[in-house]
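Structural description and commentary
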Amino acid sequence: MITVTFPDGARRDFADGTTGAGVAAAISKSLAKKAIAIKLDGKPFDLNRPIPGDAEIEILTRAHPEALEIIRHDCAHVLAQAVQDLFPGTQVTIGPAIDNGFFYDFYRTEPFSTDDFAQIEAKMAAIVDADYPFQREEWDRRAAIAHFRAIGEAFKAEIIEDLPEDSVISIYRQGPWYDLCVGPHLPSTRHVGKAFKLMKLAGAYWRGDHRNPQLQRMYGVCFAEEAELAAHLKQIEEAERRDHRKIGKQMRLFHFQEEAAGQVFWHPHGWELYRTVENYVRRRMVAAGYQEIKTPQLMDRKFWEASGHWDKYRENMFISSIEEEDKTLAVKPMNCPCHVQVFNQGLKSYRDLPLRLSEFGSCHRYESSGSLHGLMRVRAFVQDDAHIFCTEDQITAEVTAFCDLLRQIYADFGFAEFRVKFSDRPDQRVGEDAIWDKAENALRAALTAAGLEAEYNPGDGAFYGPKLDFILKDAIGREWQTGTIQCDFNLPERLDANYIGEDGAKHRPVMLHRAICGSLERFLGILIENYAGAFPLWLAPVQIMVATITSEADDYAAEVAAALRKAGLRAEADLRNEKINYKVREHSLAKIPVIAVVGKKEAEERKVSLRRFGTQETQSVATLADAIALLAAESLPPDLRA
RNA sequence: GCCGCCGUAGCUCAGUGGUAGAGCGCGUCAUUGGUAAUGACGAGGUCGGGAGUUCAAUCCUCCCCGGCGGCACCA
């Protein structure tokens, strides 16, 4: 006899050997029909496996989020069966459920092609229709290893070998096919359903290590219901629509070319946007007590040796030399060592601290070719960088102020939501534990003071100090790591930064490395995708397009555009010999926030007709002076608004 | 860097072992029109680069460069 406790606290006794299915059947016929697995003491468990003893049970139906994970995992098994059936000789490895679906890593000498997907999907559907029950078996460890070796599944054998000696080796069968798996699984393949789709093919290393054999990974998406699959495919389309590389081309913001891989050619409108962002951030930083500096691009190798970069970061550095002087120089990959040089000029007093040095620092890093990705990952970029030199006692106040500044800036760019990660001391580190204690506590205190909650990332700090990372969420829910603040006990030591304390003795300052946007290039990429190119007025590269209806209004239109520009607005005039419909369409597609239409009537009355992006027919007609005043006020960056 | 896919006009893309085509854009001309495409005509490409196979290569093979999707990387 076993006693089962349900989520609502009710208890019920069942005969030994009763399965989840039996329990469900005892509750109701419809539940028995819908049940696909159970949770046994909080862990997912096969529906048709005998419940081992007294337990808390929850019956999972398809609609349950945890059921979805099982469905996805099973879908991976169905994929593996289909692939091995169609492509004999392919070895299986692992195939877990992931966000939105699953993947499966195969080993096969010949490459798969996405052209194979249709055939594989058809086979998968046939396996689902065949309704093979998933049957669990327990095998002897040695026998299992020998068996998988014998049938040529070297990876599976290796997995079992690496399992702890006492672990249960469970095998699941689905019709003629079987696989090593901890489970649990659905009652049968029919329950996987047909809401799946193979998406892409990618290389992946066995166990994620690039020294291991390369496997072929097939990604699929899978949902409980077809409607969810359709919705997901739509979301992918939406992300593609917003792709900054596509929008960048359409809106002529920037381009890349192969002679400068990973470096941006900013076009006039893109650079306008860039400068708008930079100038805004600059004003916010000045207001927050930062002093802006500019430091050299090329520094002697000796300098990077002293900073430690030559040793630890050289692979990512562009190196240059000059024959005449027999010198090796490196292009700076980071600004921090240069900032220490500025700090080190002249004797600093504790009265000078905290000293906040900021720089829109241009950095170059050699990023591997495979990691380059539009504006999101480039080799030349500018950071909204700053280093705060302070005492240990000032860390909390500085980090708190930083969090406030960051929150303000994100909010102004339209990012209301972000999360914070707190990473503390790693195993490999410099600095005494007492300093780490102090810095970690200071960061925690700052988070509390700023009213923020952080996820805890134990041991993930830099070797030189603990840090906070800031991850913002965009308009369609994607996350981007942008901001960071890191304590550094190492660099001030290496580059001998010091200040004179109240006691008249030399002390080491703590250095806080911090960025809010991170790389401006990448941040612009994020902004473009967040707004899908339809920027708010203050950011839009072209804020107002003055479009004429007839050439009789040309002179007036030029005057309007000039007046708008004089008022600080980014305005252009479209005097082309085209119909107004054509112009409205074109500038609407270009996502220009305001179209000022002028015809004969406006010219005579010295008015403009304003049409806002995203509106259909509601236009407002205003006098030129009123329109300028209105738009000038509306287009002010958030920090300059009254 | 690794695996797979891709590279044809400014853009989006079609196409063929006998050196190329559409739409949009661009230019010229006509048209001066009220809020999402006026019409006609025209120009524009050594088909990413190099080598090879072939009588002949944009097409087939190899190498290189770049892009895309992942993996690895992101002190």
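Described in the following lines is the structure provided in the data block. As the structure is a prediction and not an experimental result, all values here were calculated from the model.

1. Topic: unusual backbone geometry
- With an omega dihedral of -5°, the bond running from Leu353 to Pro354 counts as a cis peptide bond.
- Inspection of the secondary structure assignment puts Pro354 in the loop between β20 (348-349) and β21 (355-364).
- For Asp326, which is not glycine, the phi torsion reads 55° and is therefore positive.
- Mapped onto the elements, Asp326 comes out in the loop between β18 (319-322) and β19 (327-331).
- You can call Asp326 exposed: its relative accessible area is 72%.
- Phi at Arg606 takes a positive value of approximately 55°, unusual for a residue other than glycine.
- By the element assignment, Arg606 lies in the loop between α19 (600-605) and β33 (607-612).
- The class of Arg606 is partly exposed, set by a relative accessible area of 41%.

2. Notes on the protein's contact with RNA strand B
- Neighbouring residues of RNA strand B: 48 residues in total, closest Gln214, Met334, Ile549, Asn577 and Ser609.
- Among the atoms of RNA strand B close to the protein, meaning within 4 Å, 44% are from sugar or phosphate groups.
- Take Ser369: an N or O atom from its side chain is 2.5 Å from a phosphate oxygen of RNA strand B.
- Of all the elements in the fold, those that place two or more residues in the surface near RNA strand B are β12 (196-205), β13 (214-222), α8 (244-250), α18 (580-589), α19 and β33.
- When the residues that make up the surface near RNA strand B are grouped by side-chain class, the tally is 16 nonpolar, 18 polar and 14 charged.

3. Quick look at the side chain of Arg514
- For Arg514, the position within the fold is in strand β29 (residues 510-519).
- One buried charged residue, Arg514, remains without a salt bridge, the closest side chain of opposite sign being Asp384 at 4.3 Å.
- Separated by 3.0 Å, the side chain of Arg514 and the backbone oxygen of Asp384 make a polar contact.
- Dropping the residues within four chain positions of it, Arg514 is found in contact with Met285, Tyr290, Asp384, Asp385, Ala386, Ile388, Phe402, Leu405, Thr484 and Ile485.

4. Some thoughts on the sheet that holds strand β16 (residues 291-292)
- What the eight strands build is an open sheet, ordered β16-β21-β22-β29-β26-β25-β23-β24; its pairing is mixed. Single-partner strands in this sheet number two, and they are β16 and β24 (454-457).
- Taken together, the five bridges between strand β26 (residues 479-488) and β29 define a ladder with antiparallel strand orientation. Directly across from Gln486, in β29, lies its bridge partner His513.

5. Some thoughts on the packing of aromatic side chains
- One pass over the structure, following the stated rule, counts 29 aromatic pairs.
- Pairing Phe303 with Trp304 gives two aromatic rings, centres 5.1 Å apart and planes at 75°, and the pair type is edge-to-face. Each member of the pair, Phe303 as well as Trp304, is classed as buried.
- Ring centres of Phe413 and Phe523 lie 5.0 Å apart, and the angle between their planes is 70°; on these two criteria the pair is classed as edge-to-face. In this pair, Phe413 is assigned in the loop between α13 (395-412) and β23 (418-423) and Phe523 in helix α16 (residues 520-531), connecting sequence segments 110 residues apart.
- Residue Phe413 is classed as buried on the basis of its relative accessible area, which comes to 0%.

6. A look at the packing of helix α9 (residues 268-287) against α16
- Where α9 contacts α16, the axes come no closer than 11 Å and their chain directions differ by 105°. Considered as vectors, α9 and α16 are oriented roughly perpendicular to each other. Across the interface between the two elements, Gly270, Leu273, Tyr274, Val277 and Glu278 from α9 touch Leu520, Glu521, Phe523, Leu524, Leu527 and Ile528 from α16.
- Taken together, the residues of the contact of α9 with α16 sort by class into eight nonpolar, one polar and two charged.

7. Some details on helix α12 (residues 336-344)
- If you check which residues of α12 are buried, you get Cys336, Pro337, Cys338, His339, Val340 and Phe343.
- Directly beyond the C-terminal end of α12, a positive phi value near 80° is found at Gly346.

What counts and how
Residues numbered from 1 in each chain as written. Chains lettered and ligands numbered in written order. Predicted model: local features only at pLDDT ≥ 70, side-chain atom pairs only at ≥ 80, totals over all residues. Heavy atoms only, no water. Helix = DSSP H or I, 4+ residues; strand = E, 2+ residues; numbered from the N terminus. Buried < 20%, exposed > 50% of the residue type's maximum accessible area, 1.4 Å probe, protein only. Near = heavy atom within 4 Å. Polar contact = N/O pair within 3.5 Å; in protein donor to acceptor, adjacent residues only side chain to side chain. Nonpolar A, V, L, I, M, F, W, Y, C, P; charged D, E, K, R; others polar. Lys, Arg positive; Asp, Glu negative; His and termini not counted. Salt bridge = Lys/Arg side-chain N within 4 Å of Asp/Glu carboxyl O. Contact = heavy atoms within 4.5 Å. Pairing = 2+ DSSP bridges. Phe/Tyr/Trp six-rings, centres within 6.5 Å; stacked < 30°, edge-to-face > 60°. Axes fitted to C-alpha atoms, helices over the stretch in contact; angles between N-to-C directions. Parallel < 35°, antiparallel > 145°, perpendicular 65-115°, else oblique.

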